[in-house]
Every structure is written in C-alpha cells, then in structure tokens.
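Descriptive structure summary
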Amino acid sequence: MIAVISAGMPVFTQKTGLSQKYGFAMKMLCAGLYLLTGLLAATAFKTGTLYTFLILTALLCGALGDFFLSYKQEKYFLSGVVFFALGHGVYSIAFLTAGEYKAIHHIIPVSVFAVLMALLLFVFAKTKLKLGKLQMPLLVYGAILFFFFAGAVTKGVVAATAGNLPFGLILIAGALLFIASDLMLGVQIGGVKLPKLLHHAVSYTYFPAQTLFALSIFFQTLING
C-alpha cells in the first residue's frame, strides 16, 4: 500500500495544487515515501543482505539529491547532482555484484552500452542543448546514469530468465522510468521546452522509479525470509 501511495503521490500533489503551493515540502514528502517503502520492504524481507543495504543507501542518496536540487531555489543544484551520481554508483554496485542474478558477468556489454550512449549524449548536448557551465558535470553524470541503467536492465533480464519475473520486471521498469525522467530533465535544463503533455512527466516518472527500486528489496530472491 505504501508503495502505491509513494508512486502516486506526485500526481496527487500536482492535481490538488499542493505541489505549486508547497513545492519543496511536497517533494521531500515524496522522497520520504520512497525511503519508507524501502525500509518496509527490508523489514518484510526479514533477512539483511548486501543488496538491501546498497539499495537503501542509494535511496538515501536520492533523497539527499532531491533536497539539494530544490533547497533555496536550486542554489545547491550541483550538490544534488553529486548525490544522484553517488546514488547511481551505489545502485550500479548493487546490480552488478550484490545478491542473486549478478550483472557483473555481463560487464562488457554493460560497459560498451554505457560508453556508446554517453558519446551520443555528448554529441547531442554539444549540438542541441545550451548547458553552459553545467555541461561537463551533467555529461559526467549522464555517463554514470547510462552505466546504472544498463546494469539495472541486465540484472532484471537475468532475474526474469532465471524465474524471478517480478524482481526482473521491477528493475527494468524502474530503470526505464528513471532514465526517462533524467533525460527529460536534462533536455529542459538545456533550454528545450517539453510539450504541455509532459509538463509534470519528470516527477511522474522519477518517484515511481525510486519506489520500484525500493520495492525490489522484497523481491530480490524467489523465497522471502
């Protein structure tokens, strides 16, 4: 139930006008909900694992990133980017090395995908976006983002083919939502105006993504507890 509330809270706060009136507070409420989802999933799973610890750490980094991206009208934007990059790094370690269905066995295709996508991002940013002094930090972040994405999808595919379909689908869906959110945010920062239909799409995809990764703790093995 908490996971459903966490995933749906961004829509609720936007539709009720709470996000417009109390933007920072509502964003931190949403961050708190995905953290709570992770803690409850860990409690329900009962057995402490390295995967659980790493996912909770990554979620905390995400919450700190949310805080610094929004605190005092984005004055500490780069601090937020650093925390998100740290979170993606921790996620990547979890997907590659922790628990069952390790993606480390597929490190070469994961790395090749990340490098190729980072190069495409570099070309796109140079030719289409106006990032100014944020260009290099965001390009580095983009490279980490693609590595995290490839690791999550790979672990999800390995899990699904091994018989743990819920865990696999959760990771793949979470990765797709997360990268969609970050790419849309990056395009906006670069001066490209999104269609009205996608006006709130960044938060509508980001918070469900974090919630799914939090929920993955419960489904990390076929037998819970």
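Below is a summary of the structure that appears in this document.

Quick notes on the rules
Residues numbered from 1 in each chain as written. Predicted model: local features only at pLDDT ≥ 70, side-chain atom pairs only at ≥ 80, totals over all residues. Heavy atoms only, no water. Disulfide = S-S within 2.5 Å. Buried < 20%, exposed > 50% of the residue type's maximum accessible area, 1.4 Å probe, protein only. Core = buried A, V, L, I, M, F, W, Y, C linked by side-chain atoms within 4.5 Å. Helix = DSSP H or I, 4+ residues; strand = E, 2+ residues; numbered from the N terminus. Contact = heavy atoms within 4.5 Å. Phe/Tyr/Trp six-rings, centres within 6.5 Å; stacked < 30°, edge-to-face > 60°. Polar contact = N/O pair within 3.5 Å; in protein donor to acceptor, adjacent residues only side chain to side chain.

This part is about the state of the cysteines. A complete count under the given rule lists zero disulfides for this structure. Residue C30 stays outside any disulfide, its sulfur separated by 19 Å from that of C61, the closest cysteine. According to the relative accessible area criterion, C30 is buried, its value standing at 2%. The buried category is assigned to C61, whose relative accessible area is 11%.

A general tendency of soluble globular proteins is for nonpolar side chains to be buried together. Counting 47 residues, the largest nonpolar core has Y51, I55, Y91, F95, F148, F178 and F213 as its most contacted members. Elements with a contribution of two residues or more to this core: α3 (23-45), α4 (50-70), α5 (77-97), α6 (107-128), α7 (135-161), α8 (165-189) and α9 (201-215). Among the elements that take part in this core, α7 stands out by supplying nine residues, more than any other. Non-local contacts of Y51, meaning those with residues more than four positions away in its chain, are made with A94, F95, A98, G99, K155, F167, L171, S216, I217 and Q220.

A word on the packing of aromatic side chains. By convention here, two paired aromatic rings are described through the distance between centres and the angle between planes. Counted according to the given criterion, the structure contains 20 aromatic pairs. Members of the aromatic cluster, connected to one another through ring pairs, are Y34, F84, Y91, F95, F148, F178, Y206, F207 and F213.

Turning to the side chain of N164, a few remarks are in order. Within the secondary structure layout, N164 lies in the loop between α7 and α8. A polar contact of 2.9 Å, which involves the side chain of N164, links it to the backbone oxygen of F219. Excluding its chain neighbours within four sequence positions, the residues that come into contact with N164 are Y101, A159, F219, Q220, T221 and L222.

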